[in-house]
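Spelled out from the first residue to the last, the chains are:
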Amino acid sequence: MSSYAVIQTGGKQYRVQPGDVIDVEKLDQEVGARVDFPDVLLVDADGAVSVGTPTVDGARVTAEVADQFRGPKIIVYKYKAKTHYRRKNGHRQSYTRLRIRHILTDGADEPAEVVEEVVEEAPAPAPRRRRRSTRAAAAAEASEAPAAEAAASDEPVASTEEAEAAPEPEAAEAEAVADAGAEETPAEETAEDAAAEESSDGEEKKE
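Residue positions are counted from 1 within each chain, in the order its sequence is given. Local features in this predicted model are restricted to residues whose pLDDT is 70 or higher, and side-chain atom pairs enter the listing and the counts only when it is 80 or higher, whereas totals over whole chains, interfaces and linings include all residues. Excluded from the side-chain calculations are hydrogens and water; all other atoms, namely the structure's heavy atoms, are used.

Chemist: Before we go on, may I ask you to explain the overall build of the protein chain in this structure?
Modeler: Looking only at helices and strands, the protein chain features 3 helices and 8 strands. A run of H or I in DSSP becomes a helix once it reaches four residues, and a run of E becomes a strand once it reaches two; helices and strands are each numbered from the N terminus. Put simply, the protein chain runs from its N terminus to its C terminus through helices and strands in the order β-β-β-β-β-β-β-β-α-α-α. Here the term buried applies to any residue with accessible area under 20% of the maximum for its type, exposed to any over 50%, and partly exposed to those in between, with areas from a 1.4 Å probe on protein chains only. Buried positions account for 18% of the 207 residues belonging to the protein chain. By definition, residues are in contact when any of their heavy atoms lie within 4.5 Å. Long-range contacts, defined as pairs at least 24 residues apart, comprise 62% of the intrachain contacts of the protein chain with a sequence gap of at least 6. Each accessible area value is a Shrake-Rupley result obtained with a 1.4 Å probe; residue values ignore everything except the protein chains displayed when judging cover. Put simply, the protein chain shows about 16800 Å² of open surface, and 49% of that area lies on carbon and sulfur atoms.

Laid out in structure tokens, this is it:
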């Protein structure tokens, strides 16, 4: 391989190295096509300079067409005094952008391309989910158990307010006994009064 070379194309000379990108006069090639330049005027092969007469024998430069584009617009104005001659035109030059690949000497062939292996990226790890603590999970299970039992038995579930307002079974039994005693007390008093009146009536009759 050579250090650099001087090529000629489109009436102009360019100093190129492998990997350089240059803009030259338009070439009738599609983007991605390979182009050879046999008109190599000078080659520097690792410090050994070879000058062509007019070109270097067996030397050529290979390039790849990177783009086809047009340059900036320029104004062309023609004027002639005292003749009322005025002409104004615009122009945009067409260019071809080249990427220099290799500089070959002594009729060498272009080296084979090295195909890079595509390494597949590992898939991104799944996002971690936050787990509930043991206490929170136990409380959630305890709250869900009555609802599940009620759903299985098809019985309505009492709300929290109704459960708090409902008396406990022992308290309900005590209240029922107290009510029964309160109801029986007037009846006992009535029976005792009747017995006292009968005894008093008997004594009066004896007298």
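Chemist: Hey, could you run me through the packing of aromatic side chains in this one?
Modeler: Aromatic rings considered in pairs are described by the distance between their centres and by the relative angle of their planes. Here a Phe, Tyr or Trp ring, Trp counted by its six-membered ring, pairs with any other such ring whose centre lies within 6.5 Å, and the pair is stacked when the planes are under 30 degrees apart, edge-to-face when over 60, and tilted otherwise. Enumeration according to the criterion identifies 1 aromatic pair in this entry. Working rule: Lys NZ or Arg CZ, within 6 Å of ring centre, within 35 degrees of ring normal, means a charge sits over the ring. Taking the ring centre of Tyr-85 as reference, the NZ or CZ of Lys-80 above it sits at 5.0 Å. Over the aromatic face of Phe-69 sits the side chain of Arg-97, whose NZ or CZ is 4.5 Å from the ring centroid.

Chemist: Just checking my understanding: could you explain the side chain of Asp-44 for this structure?
Modeler: Within the secondary structure, Asp-44 sits in strand S5 (residues 40–45). Within this scheme the basic residues Lys and Arg register as positive and the acidic residues Asp and Glu register as negative, but His and the chain ends are omitted. A pairing counts as a salt bridge when a side-chain nitrogen of Lys or Arg comes within 4 Å of a carboxyl oxygen of Asp or Glu. This buried residue, Asp-44, is left without a salt bridge; Arg-15 holds the nearest opposite charge, at 5.9 Å. Within the local environment of Asp-44, its side chain forms a polar contact with the backbone nitrogen of Gly-47, the two atoms lying 2.9 Å apart. Pairing of N or O atoms within 3.5 Å defines a polar contact, subject to two protein rules: one partner must be a possible hydrogen donor and the other a possible acceptor, and residues neighboring in sequence count only if both atoms are side-chain atoms.

Chemist: In this structure, what is going on with a positive patch on the surface? I would like to understand it.
Modeler: Two distance rules govern patches: like charges are joined within 9 Å, and nonpolar side chains (Val, Leu, Ile, Met, Phe, Trp, Tyr) within 5 Å, applied only to residues with over 30% relative accessible area and no salt bridge. Just so you know, the charge point we use is NZ for Lys, CZ for Arg, CG for Asp and CD for Glu. There is a patch of like positive charges on the surface, built from Arg-70, Lys-73, Lys-88 and Arg-92. Within the residue set of the positive patch, elements represented by two or more residues are strand S7 (60–80) and strand S8 (85–104). Relative to the elements of secondary structure, Arg-92 occurs in strand S8.

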